[in-house]
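A structural walkthrough
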Amino acid sequence: MLEFLDPFLKTFETGTGFWNPLVWATALVIAFLAMYILRGFGNKQFKTGTEQTKAFLSGNPEYEKQQMHIKGSNMYWGFTESLGWLFHQLKKMHTGNVSDYVLWFVIVLAVLLLVVGGI
Amino acid sequence: MNTIDFLLMHAPALIVATPLLGAFLTPLFGKVHARLRSGFVLLIVLLTCLLVGLLSYDIFITGGIHTYVFGAQDLTLPVVRILFEVDAMSMFMALISVILALVAVIYSWAYMKDNTGLDKFYTLVLLMTTGMLGMELTGDMFNFFVFLEITSIASCALIAFWTNKGKSVEAGFKYIVISTIGALFVLFAIALLYGQYNALNIAVLANAIQFTFVDRIALVLLVAALAMKAGIVPMHMWLPDAYGRSPAPVTIILVGATQASLYGVFRVCFTLYGDVITLPQVSIGWIMVLLGLITILVGVIMALLQSDFRRLIAFGAVAEIGYMFLGVGAGLAVLGAPEMTSVGLTAMKGGIFHIMNDALDVGLLFLVAGAVYYTTRENSLDRLGGLARNMKYTTVFFIIGLLAISGIPPMNGFASKLLIYESTYQLNPVIAVIAVLSSIMLLAIFVKIFYSVFLGPALPQFHTVKESPRSMLLAMGIITMIILFFGLFPDFVLTTIVEPAVNALLGYQEYIAQVLPGGL
Amino acid sequence: MIALYNIPFLAVIGLVLVGLYAVLFRRNIIKIIIGITIIESGVNLFLITLGYREGSIAPIYTSSPGGLMAMPVPQALTLTSIVIGVAVLALMLSLAIHLFRHYGTLDAREIGGKEE
């Protein structure tokens, strides 16, 4: 084929494995095509815009948008509550005070001097 | 000689001189008309891109190291002139810096349109580009310090650009305090090395270095101060403040400046101390691995708690710097052992490839965050919601950035992270386990942002929100195309750009031989 | 007499430690800025002291009256460093003026502690 395409088509090899994104992408495209053809065998007799296509709420009333909105800081609530001791410790360390930032630098400098410098 | 040869011969100096000259000519054009100034800045950045592309083609394809002597025709010994010594690693970092500068300038047309003082903004952006490129191309330690300070001063003024908001000014103040203390300790270490060996040139110092007590102190000072500027935990706390409160185009260039400091750490460890870094009493490699692991963990854990959009992405950026440090530290730790060279080489390739991938991915995420802020004027994740209906293209760009930064195939993040996972697993399985789990947590964090900002019910206050302006979409599109190209053809990028850079970093003998032929 | 020539190096260590103490343990922003300036003075003193040779004269002659001259390179480096220090000092002080106008206080702990 066209030889200038050769460097683009090689497989990426690490020492213990390989990864070829073009083969992967081709497999994905074939899978999507198969799904699309299977979808075409479905039932086409439904009326859009009526009750047949709206979300089903089991007869409950639909609330206002503001009440249904899940805020960003409420997500992963279970995670942050159960590991709360770790998160609170870390958050307290980020004080925002510039003297503390330089204090961390001096601490790391002292530790590195002890380990590498051999003082 | 023809133009191309002339340009190639003078390219290292022209790459630094073009943005410097452009920076000081920008206010003149700004007095005439605003559009003329924007066009002039874009022209300067495109010229710099062209020069960097020309020089990188020469260095990557034909190989070799270019030196440029300031103030003389040829290099005479003993070395008394300031040298620019450009090898493949410098060119790799210069490519990243210039792509980020180009994208930032295109993005800032629409983003900074309503601000006053844009003359000073563009002057400072070009000065910051000069500083970054100078840090990456130079072969002289004191010159490195001067460009480091140029970058810090320009960055601080840009971070505090919105002086009407107290938070931005405070972030700029913290940044300049941290930067100045770091730079002063770097100067102290340079003075120590000068006092020992009477030389400021990196190649001459590398030739003469022994591992005395004073050299050890200089190594520790250099690594600690430059690592603080690069954002390694526990000295990282300035990074979320600075990245989260500055204008979005400034943040994307600031990513490049942070990585130029990381390049400084690698240059010091591999080239300046190349002869002595493999001695058994030096354990810098394992320290770098440990610091990298802590950085990844703290970055990812703190990111889960934030509710401010850009501050959360900044903590993600901290975690990504940990990956780079981990990869290169693993390569440094096994440098002396001959039976682990393939493992070390793979780890270093992963770490250095990740520098470019991370700059692009985090840059794209910050650009999307800036676009959301520009159209809705909201910063907090609690008050945003349901924006995918109004901003379709921005949502697609955010999905691509999300997949890329958490290392999902087929994006470029997967290619570099796969190299890091596989090589560090052979070093110690715990490292690879922590790295993989943190990637999954990064995916969780960015899915949190995606759900709370783009999905969800259509809130009534965002009915009038329109799509982002076209110049912002163009900037995001440029980065996305590069990300997709790197993701679909990783082997091409690896053999053309990353392997010469790793070989140049490990081959300090060629670096010395370019300046001191025959190795005095 | 060897100990006499080591006094500038001891002064450097002292200046850097005093400067670090001011940055780490003082809450007023102006005092933090002064601490940074003291560290910078210490590093500049270190650079100049490195160039001294015993019994030398100043390296400012083109036709010198003979004898040893002190090294001129550290003096050039120190000039550059002083200029950079002045620029950084001007930037930090102007930021301090902005901070006082916004927050009404110069206490680093209070300014840093306010989230949003």
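Residue numbers run consecutively from 1 along every chain, following the written order of its sequence. Key to labels: chains lettered from A, ligands numbered from 1, both in the order written. In keeping with the predicted nature of the model, local features appear solely for residues at pLDDT of at least 70, side-chain atom pairs appear and are counted solely at 80 or more, and the whole-chain, interface and lining totals rest on all residues.

Time to look at the overall build of chain C. Counting secondary structure elements, chain C contains four helices and zero strands. Along the first, second and third principal axes, the C-alpha atoms of chain C reach 65 × 30 × 15 Å. Partly exposed residues are those whose C-beta has more than 12 but fewer than 20 other C-beta atoms within 10 Å; with 20 or more the residue is buried, with 12 or fewer it is exposed, and the C-beta atoms are placed from the backbone. Classification of the 116 residues of chain C by burial places 28% in the buried group. Residues are defined as contacting one another if the C-beta atoms placed from their backbone atoms lie within 7 Å. Within chain C, contacts between residues at least 6 apart in sequence are counted, and of these 50% link residues at least 24 apart. Put simply, DSSP H or I for four residues or longer makes a helix, DSSP E for two residues or longer makes a strand, and each gets a number counted from the N terminus.

When helices and strands are tallied, chain B shows 19 helices and two strands. Scaling as 2.2 N^0.38, a compact globule of 520 residues should have a C-alpha radius of gyration of about 24 Å, and chain B matches this with 22 Å. Taking the principal axes of the C-alpha coordinates as reference, chain B spans close to 75 × 60 × 40 Å. For chain B, the proportion of its 520 residues judged to be buried stands at 64%. Taking the contacts inside chain B whose residues are at least 6 apart along the sequence as the reference set, 80% of them involve residues at least 24 apart. Computation of the radius of gyration draws on C-alpha atoms alone. For the globule rule, the value is 2.2 Å times the number of residues to the power 0.38.

This part takes up the packing of helix H5 (residues 141–159) of chain B against helix H3 (residues 73–103) of chain C. In contact at an axis separation of 11 Å, H5(B) and H3(C) are set at 10° when each is read in the N-to-C sense. With respect to each other, H5(B) and H3(C) are oriented roughly parallel. Taken together, the residues of H3(C) that come into contact with H5(B) (itself represented by Phe142(B), Val146(B), Glu149(B), Ile153(B), Cys156(B) and Ala157(B)) are Leu77(C), Thr80(C), Ile84(C), Ala87(C), Val88(C) and Leu91(C). Under the convention adopted here, Pro, Cys and the residues Ala, Val, Leu, Ile, Met, Phe, Trp and Tyr are nonpolar, Asp, Glu, Lys and Arg are charged, and Gly plus all remaining residues are polar. Residue classes in the contact of H5(B) with H3(C) are distributed as 10 nonpolar, one polar and one charged. Axes, fitted as lines to C-alpha atoms, cover a helix only where it is in contact. Angles between the N-to-C directions of the axes lie from 0 to 180 degrees. What sets the label is the angle itself: under 35 degrees gives roughly parallel, over 145 gives roughly antiparallel, 65 to 115 gives roughly perpendicular, and the rest give oblique.

Buried accessible area, meaning the area lost when the parts come together, often serves as the stated size of an interface. Facing the eight residues of chain A at the interface are nine residues of chain C. Broken down by class, the residue content of the side of chain A that touches chain C amounts to four nonpolar, four polar and no charged.

So, about the interface of chain A and chain B. Each side of the interface is counted separately: chain A has 44 residues, and chain B has 53 residues. Of all the elements in the fold, those that place two or more residues in the side of chain A that touches chain B are helix H1 (21–39), helix H2 (65–68), helix H3 (77–82), helix H4 (84–93) and helix H5 (98–117) of chain A. The greatest single-element share of the side of chain A that touches chain B, amounting to 12 residues, is contributed by H5(A). Looking at the side of chain A that touches chain B residue by residue, the classes come out as 27 nonpolar, 13 polar and four charged.

In plain words, the nonpolar core is the set of buried Ala, Val, Leu, Ile, Met, Phe, Trp, Tyr and Cys residues that C-beta atoms within 7 Å link up. In terms of nonpolar packing, the biggest core is built from 258 residues, with Val186(B), Val223(B) and Leu367(B) touching the most fellow members. Once you skip the residues sitting within four places of it in the chain, Val223(B) turns out to touch Val265(B), Val268(B), Cys269(B) and Ile284(B).

Our next topic: the packing of helix H1 (residues 3–32) of chain B against helix H4 (residues 118–137) of chain B. Residues and elements named next belong to chain B. At a minimum axis separation of 8 Å, H1 and H4 run at an interaxial angle of 170°. On the basis of the axis angle, H1 is roughly antiparallel to H4. Contacts between H1 and H4 involve Pro 12, Ile 15, Val 16, Pro 19, Leu 20, Gly 22, Ala 23, Thr 26, Pro 27 and Gly 30 on the former and, on the latter, Asp 119, Tyr 122, Thr 123, Leu 126, Leu 127, Thr 129, Thr 130, Leu 133, Gly 134 and Leu 137. A class-by-class count of the residues in the contact of H1 with H4 yields 12 nonpolar, seven polar and one charged.

A few words on unusual backbone geometry. The amide bond that connects Val233(B) to the next residue, Pro234(B), takes the cis arrangement and shows omega of 5°. Mapped onto the fold, Pro234(B) is located in the loop between helix H8 (213–230) and helix H9 (238–245). Residues Pro409(B) and Pro410(B) are joined by a peptide bond in cis, for which omega reads 0°. Topologically, Pro410(B) is positioned in the loop between helix H14 (392–405) and helix H15 (412–427). At Tyr76(A), a position not held by glycine, the phi torsion is positive, near 55°. Along the chain, Tyr76(A) turns up in the loop between H2 and H3. C-beta crowding within 10 Å serves as the criterion here: with 15 such atoms nearby, Tyr76(A) is assigned to the partly exposed category.

Let us now look at helix H19 (residues 508–515) of chain B. Residues of H19(B) that are buried include every one of Tyr508(B), Tyr511(B), Ile512(B) and Val515(B), and no others. One side of H19(B) carries all its buried residues, which in axial view fall inside an arc of 95°. What the arc describes is the spread of directions from the helix axis to the C-beta atoms.

Another aspect to go through is the environment of Phe325(B). Residue and element names in this part refer to chain B. Mapped onto the elements of the fold, Phe 325 is located in helix H12 (residues 309–333). Along the sequence, Phe 325 and Leu 291 sit 34 residues apart, while their C-alpha atoms lie 7.6 Å from each other. Apart from residues no more than four positions distant in its own chain, Phe 325 is found in contact with Ile 232, Met 288, Leu 291, Gly 292 and Thr 295.

Attention now goes to the confidence of the model for chain C. What pLDDT reports is the predictor's confidence in each residue, on a scale of 0 through 100. In the predicted model, chain C carries a mean pLDDT of 89, and the fraction of residues at 70 or more is 97%. Among the prediction metrics, the complex's ipTM stands at 0.95, with pTM recorded as 0.93.

A few words now on the pairing of strand E2 (residues 83–86) of chain B. Residues and elements named next belong to chain B. Taking every second residue as pointing to the same face, both faces of E2 are buried, with Leu 83 and Glu 85 on one and Phe 84 and Val 86 on the other. Should DSSP find at least two bridges between two strands, the strands are regarded as paired. The sheet contact formed by strand E1 (residues 66–69) and E2 spans four bridges and is antiparallel. Of the residues in E2, the one forming a bridge with Val 69 is Leu 83.

Moving on, we get to H5(B). Helix length check: H5(B) (19 residues) gives 27 Å between terminal C-alpha atoms against 27 Å at 1.5 Å per residue, within 8%. Counted residue by residue, H5(B) has 19 buried out of 19 residues, so it is predominantly covered. By this rule, a helix spans an expected 1.5 Å times one less than how many residues it contains.

Our next topic: the environment of Ile82(B). With respect to the helices, strands and loops of the structure, Ile82(B) is situated in the loop between E1 and E2. Sequence spacing of Ile82(B) and Ala191(B) is 109 residues, and the spatial spacing of their C-alpha atoms is 16 Å.

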